Amino acid sequence: MITAHVVYATITGNNEDIADIITERLEDRGIEVNETEISQTDANVFLECDICIVCPYTYDEGALPEEGLDFFDDLQELDLSEKIYGVAGSGDTFYEEYFNVAVDRFDDAFKKAGAIKATDNIKINLEPDGHDIEALDEFSDDLILAAQKQQSND
Ligand SMILES: Cc1cc2nc3c(=O)[nH]c(=O)nc-3n(C[C@H](O)[C@H](O)[C@H](O)COP(=O)(O)O)c2cc1C
């Protein structure tokens, strides 16, 4: 069975909503999913699953979530080759060039860890709307397809 871990960082709930939407889609498709908050999660959990997902908010003009800094540092040190990853987050377009910078930073961290990018990053403005939910469903489906391909190669 394919397994996934969804890690989110949130202050006002938008990124938890995004994580919930992804988790629900994956579960509907038969994936076994864990969903946890970033400060309560050891980055090593990604060693134990097939699909690794992070849903971060961005703060203070491009800053990572403060409570996720240890997780971020540890993530880059892992060997996640063979693992499929995706990053989807909510920020605020008001911050213009800093919009959802944390999504790009986590994407870089996964790349450093050698993980396989299976779908485009998703950057959502504030709370996810109907269009965003469709995009998140597609994102989840892309991750599943990539994990299935990966398993059939093993
Ligand atoms: C003080 C402050 C700074 C912020 N800085 C940024 C930023 O640099 N880039 C961005 O995209 N969003 C920024 N935001 C917006 C949040 O990322 C956005 O509201 C997001 O949806 C919060 O996610 P959450 O509901 O999961 O906490 C900032 C919000 C606050 C209150």
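Placed above this text is the structure.
Below is a short write-up of the structure. (Residues numbered from 1 in each chain as written. Predicted model: local features only at pLDDT ≥ 70, side-chain atom pairs only at ≥ 80, totals over all residues. Heavy atoms only, no water.)

A word on the overall build of the protein chain
Phase 1: Of the regular secondary structure elements, the protein chain holds four helices and six strands.
Phase 2: Taken from N to C terminus, the helices and strands of the protein chain fall in the order β-α-β-β-α-β-α-β-β-α.
Phase 3: For 154 residues, the compact-globule estimate of 2.2 N^0.38 gives 15 Å, and the C-alpha radius of gyration of the protein chain, at 14 Å, lies within 12% of that figure.
Phase 4: Expressed along its principal axes, the backbone C-alpha trace of the protein chain runs to roughly 45 × 35 × 25 Å.
Phase 5: The burial tally for the protein chain puts 51% of its 154 residues in the buried class.
Phase 6: Counting contacts in the protein chain only where the partners sit at least 6 residues apart, residues at least 24 apart contribute 81% of the total.
Phase 7: Taken as a whole, the protein chain presents about 7,700 Å² of accessible surface, with 42% of it coming from carbon and sulfur.
Phase 8: Treating the 9 positive side-chain charges of the protein chain as one cloud and the 38 negative ones as another, the clouds have centres 8 Å apart. (Helix = DSSP H or I, 4+ residues; strand = E, 2+ residues; numbered from the N terminus. Rg over C-alpha atoms; globule rule 2.2 N^0.38 Å. Buried < 20%, exposed > 50% of the residue type's maximum accessible area, 1.4 Å probe, protein only. Contact = heavy atoms within 4.5 Å. Areas by Shrake-Rupley, 256 points an atom, 1.4 Å probe, with all protein chains shown as cover. Lys, Arg positive; Asp, Glu negative; His and termini not counted. Charge placed at Lys NZ, Arg CZ, Asp CG, Glu CD.)

Digging into the pattern of salt bridges
Phase 1: This model, assessed by the stated rule, comprises six salt bridges.
Phase 2: Across the salt bridge formed by Arg 29 and Asp 141, the nearest N and O atoms sit 3.7 Å from each other. With Arg 29 in the loop between α1 (14-28) and β2 (32-37) and Asp 141 in helix α4 (residues 130-153), this residue pair connects regions lying 112 residues apart in the sequence.
Phase 3: Overall, the relative accessible area of 43% leaves Arg 29 in the partly exposed class.
Phase 4: One network of salt bridges, in which partners are shared, links Arg 25, Arg 29, Asp 137 and Asp 141. (Salt bridge = Lys/Arg side-chain N within 4 Å of Asp/Glu carboxyl O.)

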